[in-house]
Amino acid sequence: MTPLNPPAAVLDIAGRLEEAGFEAWCVGGAIRDALLGHPHLDWDLATSATPDEVRRLFGKRTIPIGIEFGTVGVLDRKGTMHEVTTFRRDVKTDGRHAVVEFGASLEDDLARRDFTINSIAYSPSRKEIRDPFDGRGDLDRRIVRAVGDPDARMREDRLRALRAIRFAARFDFSIDAQTLRALEASAPYLGRLSAERVKQELDKTMEQVDCPSRALRLWRDTGAFATLIPSMATASDEALSVPDFLARPRLARRPARRMLRIAGLLAPLGHRKAVRQLEQLRSSKLEIQTVGSLLESWETSGEALSITLAGDRRPDDPEIRRFVSAITRTRVGMFMRLASAIWSAAAAGGRVSPSAHAIRGLYRRMLLIAFRDPLDLGSLAVDGDDLRRAGIPAGPELGKILRLLMSAVIEDPARNTTDWLLQEAQRLLAASGPAA
Ligand code: ATP
Ligand code: MG
């Protein structure tokens, strides 16, 4: 297994704690990831010092980020924060929250952690590993296993069911049989979790897991979807695989990829239901807006685009301009990524769908047109004021005329001159008959 090399700043903090007579251990995700050979940025420390003692020791460098749970943030010289958490023991749990008490030992602290692979501690000064639940064995066997009695542990905190799924999908591990049964038994109670915690798990799944479908199929098969997002309870493997095709490692840590993957997941619901679902999950306004408009474009243009791509006929420029204008020029990139993921998932599922070559060709033309041609009212050579000055009465008729002018320019951008547009506006006004 890979050697454990906590960053210097973490060694510093651990050293200070030990000099003051306290224990200091690196714990949790960093140890797990380091042993798996994955880079991990946050090296959390567990200590016998109480939060007050940690604050006294590090003074101004501390931030009280979760004092009631025993967590103090300690800043290093570069201003990066490291979490230092007092050894704790659960005194009360209700499936949502835990009340903890301090004065516990490292062993107590490891015993309250969720999975064996997350319950390994390492002392950098002693170069010693404490692994009372054989987390290293489970890392070797590639198994997610609850610490202690799986049923009891899931009852204490229902979120652990979703965490088990995420870790299994992220590392391509299996879930220990008894843990899996406890997880299935937990599914009907997941509704007790706050929407925020559920959404955070879904987000982490989309952010951390290369193939989210591994997790999403487990959400479906264990009954988690039935409780949390009922409209996804019977989603097909193909539908759940759409986010897998939105990998793009370059975008891995960007919200754009997460939002695209969420859009891919919720696409089968249609944009209205998807927006309602995201509101229920307390998504950010930005995400609701982005996903909503992507899915709305998919609904209005997706099918027509696949028909266009499936035919041998090369679409002409006006046709592409109509698509780009319906999608909105600034969203063409995201929209086409979503569309190709949906088409790729269909192809992988054995259905006929546009070829990668055809999609790339269309995308290139769409981008060119999006940047080159006038496609929105802002790029028309006349605006409402110009039309009023030319004698078109203000009101709904004027809006309608502007939209018709826009369509005429989308058909042929050479028409985008003041002269042609004003003349055409007069003609449209005359054609619409005398004003009432
Ligand atoms: P990630 O890479 O997602 O951050 P992580 O293992 O670091 O993975 P965190 O949520 O940061 O996960 O939690 C840090 C540690 O705290 C975990 O490794 C685990 O030991 C413990 N832990 C976190 N959440 C729970 C929980 N709900 N129940 C029990 N232990 C938990
Ligand atoms: Mg972490």
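Computed from a predicted model, the values in this text were never measured in an experiment.

**Student:** Please explain the packing of aromatic side chains as it appears in this structure.
**Tutor:** Aromatic ring pairs are defined here through the distance separating the ring centres and the angle between the ring planes. Applying the stated criterion to the full structure yields six aromatic pairs. Where W219 meets F225, the ring centres are 5.4 Å apart and the plane angle is 50°; that geometry is what we call tilted. Ring pairing ties together the aromatic residues F115, F167, F171 and F173, which thus form one cluster. When the ring centre of F167 is taken as origin, the NZ or CZ atom of R166, which lies over that ring, is 4.9 Å away.

**Student:** Hey, could you run me through the site of ligand 1 in this one?
**Tutor:** Around ligand 1, a shell composed of 16 residues is seen, among which R32, N118, D157, R160 and R166 lie nearest. Separating an oxygen atom of ligand 1 from a side-chain N or O atom of R113 is a distance of 3.0 Å. Measuring from an oxygen atom of ligand 1, one finds a side-chain N or O atom of R166 at 2.9 Å. For ligand 1, whose free accessible area comes to 590 Å², the fraction covered by protein is 80%. Elements with a contribution of two residues or more to the shell around ligand 1: α2 (29–35), α7 (159–171) and α9 (195–208).

**Student:** I would appreciate a short explanation of the pattern of salt bridges in the present structure.
**Tutor:** Close approach of charged atoms allows side chains with opposite charge to pair. Considering all chains together, one arrives at 39 salt bridges under this definition. The partner of D203 in a salt bridge is R258, and the shortest N-O contact between them spans 3.8 Å. Of this pair, D203 sits in helix α9 while R258 sits in helix α13 (residues 255–266); the two residues are 55 residues apart in sequence, bridging distant segments of the chain. By the burial criterion, D203 is buried, and R258 matches it. The salt bridge partner of E424 is R427, with a shortest N-O separation of 2.9 Å. Of this pair, E424 and R427 are both found in helix α21 (residues 418–431), three residues apart, which corresponds to roughly one turn of the helix.

**Student:** Sorry if this is basic, but what is going on with the domain arrangement of the protein chain here?
**Tutor:** How big an interface is tends to be stated in terms of the accessible area lost upon association of its parts. When cut into domains, the protein chain gives domain 1 (1–141), domain 2 (146–235), domain 3 (236–373) and domain 4 (381–431). Between domain 1 and domain 3, the C-alpha centre-to-centre distance is 42 Å.

**Student:** Could you clarify how one ought to interpret a nonpolar patch on the surface in this entry?
**Tutor:** There is a patch of nonpolar side chains on the surface, built from I63, I65 and M81 and spanning about 220 Å² of accessible area. If you trace the backbone, M81 turns up in strand β5 (residues 81–86). On the basis of relative accessibility, which here comes to 33%, the residue M81 falls in the partly exposed class.

**Student:** What should I look at first to understand the pairing of strand β1 (residues 24–27) in this one?
**Tutor:** Where burial is concerned, the two faces of β1 agree: the one with A24 and C26 and the one with W25 and V27 are both buried. In this sheet, strand β2 (residues 44–47) lies alongside β1 in antiparallel orientation, the contact comprising four bridges. Looking at β2, one finds that V27 is bridged to D44. Pairing of β1 with strand β8 (residues 121–123) involves two bridges; the strand directions are antiparallel. Bridge pairing in β8 links V27 to A121.

Cut-offs and rules
Residues numbered from 1 in each chain as written. Chains lettered and ligands numbered in written order. Predicted model: local features only at pLDDT ≥ 70, side-chain atom pairs only at ≥ 80, totals over all residues. Heavy atoms only, no water. Phe/Tyr/Trp six-rings, centres within 6.5 Å; stacked < 30°, edge-to-face > 60°. Lys NZ or Arg CZ within 6 Å of the ring centre and 35° of its normal. Near = heavy atom within 4 Å. Polar contact = N/O pair within 3.5 Å; in protein donor to acceptor, adjacent residues only side chain to side chain. Areas by Shrake-Rupley, 256 points an atom, 1.4 Å probe, with all protein chains shown as cover. Helix = DSSP H or I, 4+ residues; strand = E, 2+ residues; numbered from the N terminus. Salt bridge = Lys/Arg side-chain N within 4 Å of Asp/Glu carboxyl O. Buried < 20%, exposed > 50% of the residue type's maximum accessible area, 1.4 Å probe, protein only. Domains from an automatic or database assignment. Patch = residues over 30% accessible without salt bridge, like charges linked within 9 Å, V, L, I, M, F, W, Y side chains within 5 Å. Pairing = 2+ DSSP bridges.

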